[in-house]
Each structure stands twice: as structure tokens, then as C-alpha cells.
Amino acid sequence: MSKPVTLELPWVEKYRPRKLDDIVGNEETIERLKLVVQDGNMPNMIISGLPGIGKTTSVHCLAYELLGDRYYHLATLELNASDDRGIDVVRNKIKQFAQTKILLPPGRQKIIILDEADSMTPGAQQALRRTMEIYSNTTRFAFACNQSLKIIEPLQSRCAILRYNKLSDEEVLARLLEIIKLENVQYNSEGLQALIFTAEGDMRQAINNLQSTVAGFGFVNDVNVFKIVDQPHPLVIQKILSSCIHDNDLDKALGLLDGLWHKGYSAIDIVTLSFKVAKYLPDVSEQKRLDVIKEIGFVHMRVLEGVATYLQLCGMYAKICDI
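The rules behind each value
Residues numbered from 1 in each chain as written. Predicted model: local features only at pLDDT ≥ 70, side-chain atom pairs only at ≥ 80, totals over all residues. Heavy atoms only, no water. 1 Å grid on protein atoms, 1.4 Å probe; cavity = no way out; pocket = protein on both sides within 12 Å on 5 of 7 lines; lining within 4 Å. Points joined across faces, edges and corners; volume = space filled by probe spheres on them. Helix = DSSP H or I, 4+ residues; strand = E, 2+ residues; numbered from the N terminus. Nonpolar A, V, L, I, M, F, W, Y, C, P; charged D, E, K, R; others polar. Buried < 20%, exposed > 50% of the residue type's maximum accessible area, 1.4 Å probe, protein only. Pairing = 2+ DSSP bridges. Right-handed = clockwise from strand over helix to strand, strands pointing away. Contact = heavy atoms within 4.5 Å. Phe/Tyr/Trp six-rings, centres within 6.5 Å; stacked < 30°, edge-to-face > 60°. Domains from an automatic or database assignment. Axes fitted to C-alpha atoms, helices over the stretch in contact; angles between N-to-C directions. Lys, Arg positive; Asp, Glu negative; His and termini not counted. Salt bridge = Lys/Arg side-chain N within 4 Å of Asp/Glu carboxyl O. Polar contact = N/O pair within 3.5 Å; in protein donor to acceptor, adjacent residues only side chain to side chain.

## Section: the layout of surface pockets
A volume near 470 Å³ is recorded for the largest pocket. Every residue lining the largest pocket is counted, 25 residues in all, and those nearest its centre are Arg16, Gly52, Gly54, Thr57 and Arg204. Elements supplying a minimum of two residues to the lining of the largest pocket: helix H1 (11-14), helix H3 (55-71) and helix H9 (203-217). Examining the composition of the lining of the largest pocket, we find that 4 residues originate from one element, H3, more than from any other.

The following block contains the structure:
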């Protein structure tokens, strides 16, 4: 007989926090959620912040701690941006769930989690206003979104608004080291630095990049990480900028740029990374750094408008040489 195939979970799901205590970062906001658990009465809430910093996870942890293992799956409805979220969904799915009678412990309510709520149509948001009021005794709403401004004022006034900040490099590093230890991953410090540099405070991306690097190469170092995320190596960009700023050698800079261009990196990749590297370039005066960043900013704007040519990049580095 053949052995049953066991499917390996993505590490993002495998190590997703199950309790509020396990969530990394945003300590003050998490403390407020813990007080909600103690009190037992959850308000309608909007959680806003950048992707991958634990918004949806913390709502699920809150629901799990309020409802317990027995009721969590029965009394929680999650709708994501991947679902159709027009007015029909509000009238059918959401209203139907709000009307469903579920015997819960005293003082507990059903919880509807609307992920990526800022992508809901204005009509659907307007329809939610009445639903929230009619079923306020039995149902609570939690909206997770990147920009709370895209949620209409009447919904904002009915909710407590919690804002999540970007995770610090130390917080991302601590969680990565936990996973590395549990999964017995081979790595070096440059590999960890590359993971943190490419993630930019996004825990989900950091863990996904770690797993992809392990799956692809088996060893986590900086070269392997940058191959996986398909970004130019920052040291190459640093050499280009140093050639322009310190040596005033445009030919050397363009020779390195040619190498990146022929490897297939796009203009937006090169410009974005130039901006990141310029912020931390050593031995550059503050005024000069600001002038360089300003020049990169102008080219970034042109590239986003569609002028993503090799000539734009050459012009950018030529102007940095003049600075």
C-alpha cells in the first residue's frame, strides 16, 4: 500500500499566531484588544495599516479568544476582497449570517470579519450601515483595510479605529529566527539581512521569501534571497551610486547599470532600489543625500508615468554625477 501524502503547509499559515500574546509588534494596540477580551464586549472596529503586519490575524485571534474553540467556527464569518463584495453580498451573505440564531455564551456576539474592506463598493458600504444597527445586539463587525479613508464616514463613526504601524526590523528578525530554529534552516547573517531588507516590515513577505529561498536553494544567503525576490543586489546599486557621488565616474556606473539591464531587471526595480540604498549611503553629506534622493524621485515619477527606458536611468545617474 502506498503511504498517504501529507501536504506541507506554507510557513505563513503554519506559524500564524493563534492567540493575541503570539502577535509580533504593535504592543499598545494588542493590549487594547486584550482588554476587549477581558471585558467580553467587542465594539465594531476598523483596523488599518500596511500589508503583512498582522491586521487580519489579530482580528481572528480576538474572535478565537472571545468565542473559544467551540463557537469560533460557528459564529465567525470572514469575507475577503477575493469574494464579490458588491451590494448583493451585503444583502444576502452578511444579512443572512447576522439573522442566523446561534446560542452563544452570555455577553458574546457573532463576528463578521471583512478583510480588505477598503475595496468594497460605496453602495455596499452604505447598505452595511443599516445592517450594523439592526443586528447590533447579536453581531459585531471588524474591518481590516490598508487605508481607512476609503471607508465611508458613517461606517467610520460606528467603529473604533485602530491603526497598526509597520513592524521594526528587530521584530521581523526575532520571528524569522524562531521559524529558522523550528525548521532547522541553514543560513548566514547576510541572508537574514537580505530578507529583512526586501520585506520592509512586511512579516508575511519575509516568511514567504524565507520559505522560497529554502525550497529553491536550501541555504539562505544574500545572493539566493535576491534571486528569489528577483531584485538587483543592493551592493551593485551601492557601487553605481558610489561611482557617481564619490568617484564622479559615469562610465563605471553605466557599465554596472548595463550588467543589471541585460539581466532583465526593470527600470522600476532599479530606481526603487536606488532610492532605498541612497538613504543609507555612507560618507555622504546630508545636503548631497537629499539632492540625490530628489533626482531619483523625479525619475521614479517619470517611470511610473510609463517612460521606463534605459535612457531615463542613464540620465538619472548622469545628473547624480553632476551633483
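## Brief notes about empty space enclosed by the protein
A water-sized probe, rolled over the atoms, reveals where empty space remains. One pass over the structure, following the stated rule, counts 1 cavity of 30 Å³ or more. Empty space within the largest cavity amounts to approximately 30 Å³. Around the largest cavity sit Gly40, Met42, Leu66, Leu67, Arg108, Gln109, Ile111 and Arg140, which together line it. Tallied by class, the residues present in the lining of the largest cavity amount to 4 nonpolar, 2 polar and 2 charged.

## Looking at the pairing of strand S3 (residues 110-115)
The element S3 is extensively covered by neighbouring structure, given that 6 of its 6 residues are classed as buried. Burial of S3 is two-sided: the residues Lys110, Ile112 and Leu114 facing one way and the residues Ile111, Ile113 and Asp115 facing the other way are all buried. With 4 bridges connecting them, strand S2 (residues 76-79) and S3 associate as parallel partners. Residue leucine 79 lies in a different strand from S3, and its bridge partner there is leucine 114. Taken together, the 6 bridges between S3 and strand S4 (residues 139-145) define a ladder with parallel strand orientation. In the strand pairing of S4, aspartate 115 is matched with alanine 144. Between the parallel elements S3 and S4, the chain passes through helix H5 (residues 122-134) in a crossover that is right-handed.

## Description of helix H10 (residues 222-229)
Those residues of H10 that fall on the buried side of the exposure criterion are Asp222, Asn224, Val225, Phe226 and Val229. The elements touched by buried residues of H10 are helix H8 (189-199), H9, strand S7 (219-220) and helix H11 (234-245). The positive-phi residue at the C-terminal boundary of H10 is aspartate 230, with phi of around 60 degrees.

## Thoughts on the environment of threonine 309
Note on placement: threonine 309 falls in the loop between helix H14 (286-304) and helix H15 (310-322). With relative accessibility at 36%, the residue threonine 309 sits in the partly exposed group. Placed 42 residues apart in sequence, threonine 309 and alanine 267 show a C-alpha to C-alpha distance of 6.8 Å.

## Some details on the packing of aromatic side chains
Counting across every chain of the model gives 4 aromatic pairs. Centroid distance tyrosine 64 to tyrosine 72: 5.4 Å. Interplanar angle 75 degrees. Geometry classified as edge-to-face. Relative accessible area serves as the criterion here: at 14%, tyrosine 72 is assigned to the buried category. Seen from their ring centres, tryptophan 261 and tyrosine 310 are 5.6 Å apart, and the 50 degrees between their planes marks the pair as tilted. Placement of the pair is tryptophan 261 in helix H12 (residues 250-262) and tyrosine 310 in helix H15, with a sequence separation of 49 residues.

## What about the domain arrangement of the protein chain?
According to the domain assignment, the protein chain contains domain 1 (11-163), domain 2 (169-229) and domain 3 (234-322). Each of domain 2 and domain 3 has a C-alpha centre, and the two are 26 Å apart.

## Concerning the environment of asparagine 165
You can see asparagine 165 is positioned in the loop between strand S5 (160-163) and helix H7 (169-183). By relative accessible area, asparagine 165 is classed as exposed at 54%. For asparagine 165 and threonine 29, which are 136 residues apart along the polypeptide, the C-alpha to C-alpha distance reads 9.6 Å. Beyond its immediate sequence surroundings of up to four residues, asparagine 165 is in contact with Asn26 and Ile53.

## Considering the sheet that holds S4
Note: strands within a sheet are paired through backbone hydrogen bonds, in either parallel or antiparallel orientation. Strand order in the open sheet made by the 5 strands is S2-S3-S4-S1-S5, with parallel pairing throughout. The open sheet has two edge strands, S2 and S5, and neither has a second partner. Each neighbouring strand pair of the sheet contributes to a mean axis angle of 15 degrees, computed without reference to strand direction. Running at roughly 145 degrees to S4, H5 makes contact with S3 and S4 of the sheet.

## Side note on the side chain of aspartate 118
Mapped onto the elements of the fold, aspartate 118 is located in the loop between S3 and H5. We note that aspartate 118 is buried and unpaired, the nearest opposite charge coming from lysine 150 at a distance of 5.5 Å. Looking at aspartate 118, its side chain comes within polar contact range of the main-chain nitrogen of glutamine 147, at 3.1 Å.

## As for the environment of aspartate 115
As for its position among the elements, aspartate 115 is in strand S3. A relative accessible area of 8% places aspartate 115 in the buried class. Here the side chain of aspartate 115 touches threonine 56 through a polar contact of 3.0 Å, side chain to side chain.

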